[in-house]
Amino acid sequence: MYNTFTHMKRRVIAVIDLKAFYSYVECLDRGLDPWKDPLVVADKDRGTNTIVLSVSPFLKKQGIPSRCRIKELPKKYNYIYAVPRMERYLEKSAEVIDVLYHFVAEEDVHVYSIDEAFVDLTTYLKYYNKTPLQMVTTIINQIKEETGLQATAGIGDNFFLAKIALDVYAKKERNGIARMSIEDVKEKLWPITPLSKVWSIGSRTEAK
């Protein structure tokens, strides 16, 4: 398997992820600080069994998961509730994609979800005279400047490694950017546990 990886065609793929997206948008629209205010995206009027779609980075830092029920939220915070506004989130997502189009052609942007997109940077590094890290840092800074949103990123030799870099390692990096090359597979991919942390492996596949 490892030999197969080493012979794969190398590219420079980045996956850009918007941090606590829904709650971040709500904080920005309300003039709140996502890192200081306990905002929760959930329709409180639907009852305490209602699913929380997102919590602010402040709450995430306190160990509160972004997906839980209102009744499971710790009682010690004076929560600010925001009713989900999908139309608004789609608008902000489109703004981010427009930023990506400033740097690369549309065919090199692959939208994965409302808050995540892959970007093939392979042919652009020479044009911009930047390393992969410099290029991704520039893109993230531009997203912040134009939309107010904060992003993290994974960089890899292919889509899979970029996603693993984002999901498993980016949160450990001070700048929110992690990189994985094919040479890192044995050291960084194989030891990951549980296996469900690996992109595309669900609980059933993990059990098998």
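Keep in mind it's a predicted model, so treat the numbers as computed, not measured. (Residues numbered from 1 in each chain as written. Predicted model: local features only at pLDDT ≥ 70, side-chain atom pairs only at ≥ 80, totals over all residues. Heavy atoms only, no water.)

Caption draft 1: Focus on the layout of surface pockets. A volume near 1000 Å³ is recorded for the largest pocket. Lining of the largest pocket is provided by 35 residues; of these, Asp-17, Leu-18, Lys-19, Ala-20 and Lys-60 occupy positions nearest its centre. A breakdown of the residues in the lining of the largest pocket according to their chemical character gives 15 nonpolar, 7 polar and 13 charged. (1 Å grid on protein atoms, 1.4 Å probe; cavity = no way out; pocket = protein on both sides within 12 Å on 5 of 7 lines; lining within 4 Å. Points joined across faces, edges and corners; volume = space filled by probe spheres on them. Nonpolar A, V, L, I, M, F, W, Y, C, P; charged D, E, K, R; others polar.)

Caption draft 2: Structural detail: the sheet that holds strand E9 (residues 151-156). The mixed open sheet is built from 5 strands, whose spatial order is E7-E8-E1-E9-E10. Two strands bound the open sheet, and with one partner strand each, they are strand E7 (109-113) and strand E10 (177-180). The mean angle between the axes of side-by-side strands here comes to 20°, regardless of whether they run parallel or antiparallel. When E7 meets strand E8 (residues 116-120), the two strands line up antiparallel, connected through 4 bridges. (Pairing = 2+ DSSP bridges. Helix = DSSP H or I, 4+ residues; strand = E, 2+ residues; numbered from the N terminus. Axes fitted to C-alpha atoms, helices over the stretch in contact; angles between N-to-C directions.)

Caption draft 3: Spatial organisation of the side chain of Asp-120. Relative to the helices and strands, Asp-120 resides in strand E8. Of the polar contacts made by the side chain of Asp-120, one reaches the side chain of Thr-122; its length is 2.5 Å. Leave out the neighbours within four places in its chain, and Asp-120 touches Arg-11, Val-12, Ile-13, Val-104 and Asp-108. (Polar contact = N/O pair within 3.5 Å; in protein donor to acceptor, adjacent residues only side chain to side chain. Contact = heavy atoms within 4.5 Å.)

Caption draft 4: Expanded view of the confidence of the model for the chain. For the chain, the mean per-residue pLDDT works out to 88, and 84% of the residues sit at or above 70. Below a pLDDT of 50 lies the segment residues 1-7, which in the model reaches 8 contacts outside its immediate sequence neighbourhood of four places, other chains included. (pLDDT = per-residue confidence, 0-100.)

Caption draft 5: The nonpolar core, seen in detail. By size, the foremost hydrophobic cluster in this structure holds 36 residues, and its most contacted members are Ile-16, Phe-21, Leu-100, Leu-121, Val-136, Ile-143 and Leu-149. Top contributing element to this core by residue count: helix H4 (residues 86-103), with 6 residues. Contacts of Leu-100, omitting those with residues within four sequence positions, involve Ile-16, Val-109, Ala-117, Val-119, Ile-139 and Ile-143. Among the nonpolar cores identified, the runner-up in size contains 14 residues, and Val-15, Phe-118, Leu-166 and Ala-170 belong to it. (Core = buried A, V, L, I, M, F, W, Y, C linked by side-chain atoms within 4.5 Å. Buried < 20%, exposed > 50% of the residue type's maximum accessible area, 1.4 Å probe, protein only.)

Caption draft 6: How the structure looks around the pattern of salt bridges. Taken as a whole, this structure holds 10 salt bridges when the rule is applied. For Asp-43, the salt bridge goes to Arg-46, with nearest N and O atoms at 3.4 Å. In this structure, Lys-163 and Asp-167 form a salt bridge, with 3.0 Å as the shortest nitrogen-oxygen distance. You can see Lys-163 and its partner Asp-167 sitting in helix H7 (residues 159-169), 4 residues apart, about one turn around the helix. Owing to a relative accessible area of 25%, Asp-167 belongs among the partly exposed residues under this scheme. Taken together, the shared-partner salt bridges connect Glu-26, Asp-29, Arg-30, Arg-85, Arg-88 and Glu-91 into one network. (Salt bridge = Lys/Arg side-chain N within 4 Å of Asp/Glu carboxyl O.)

Caption draft 7: Fine view of the environment of Gln-62. Looking at where Gln-62 falls in the secondary structure, it is placed in the loop between helix H3 (57-61) and strand E5 (68-69). The exposure class assigned to Gln-62 is partly exposed, which follows from its relative accessible area of 39%. Note: C-alpha distance between Gln-62 and Pro-38 (24 residues apart in sequence) is 10.0 Å.

Caption draft 8: Just empty space enclosed by the protein, in detail. Evaluated as defined, the whole model comprises 1 cavity of 30 Å³ or more. By volume, the largest cavity is sized at about 60 Å³. Every residue along the wall of the largest cavity is listed here: Ile-16, Leu-18, Ser-93, Val-96, Ile-97, Leu-100, Val-111, Ser-113, Ile-114, Asp-115, Glu-116 and Ala-117. Taken together, the elements giving at least two residues each to the lining of the largest cavity come down to strand E1 (13-18), H4, E7 and E8. In terms of residues, the lining of the largest cavity owes the most to one element, H4, which gives 4 residues.

Caption draft 9: Summary view of the packing of aromatic side chains. Under the definition given, this model contains 10 aromatic pairs. Where Phe-103 meets Tyr-128, the ring centres are 6.2 Å apart and the plane angle is 55°; that geometry is what we call tilted. Of this pair, Phe-103 sits in helix H4 while Tyr-128 sits in helix H5 (residues 125-128); the two residues are 25 residues apart in sequence, bridging distant segments of the chain. For Phe-103, a relative accessible area of 12% puts it in the buried group. Judged by relative accessible area, which is 25%, Tyr-128 ranks as partly exposed. Geometrically, the ring pair formed by Phe-118 and Phe-159 is tilted, given 5.0 Å between the ring centres and 45° between the ring planes. Pair noted here: Phe-118 is in strand E8 and Phe-159 is in helix H7, with a separation of 41 residues, a long-range link. Overall, the relative accessible area of 3% leaves Phe-118 in the buried class. Under the relative-accessibility criterion, Phe-159 is labelled partly exposed at 30%. Members of the aromatic cluster, joined through ring pairs, are Phe-58, Tyr-77, Tyr-79 and Tyr-81. (Phe/Tyr/Trp six-rings, centres within 6.5 Å; stacked < 30°, edge-to-face > 60°.)

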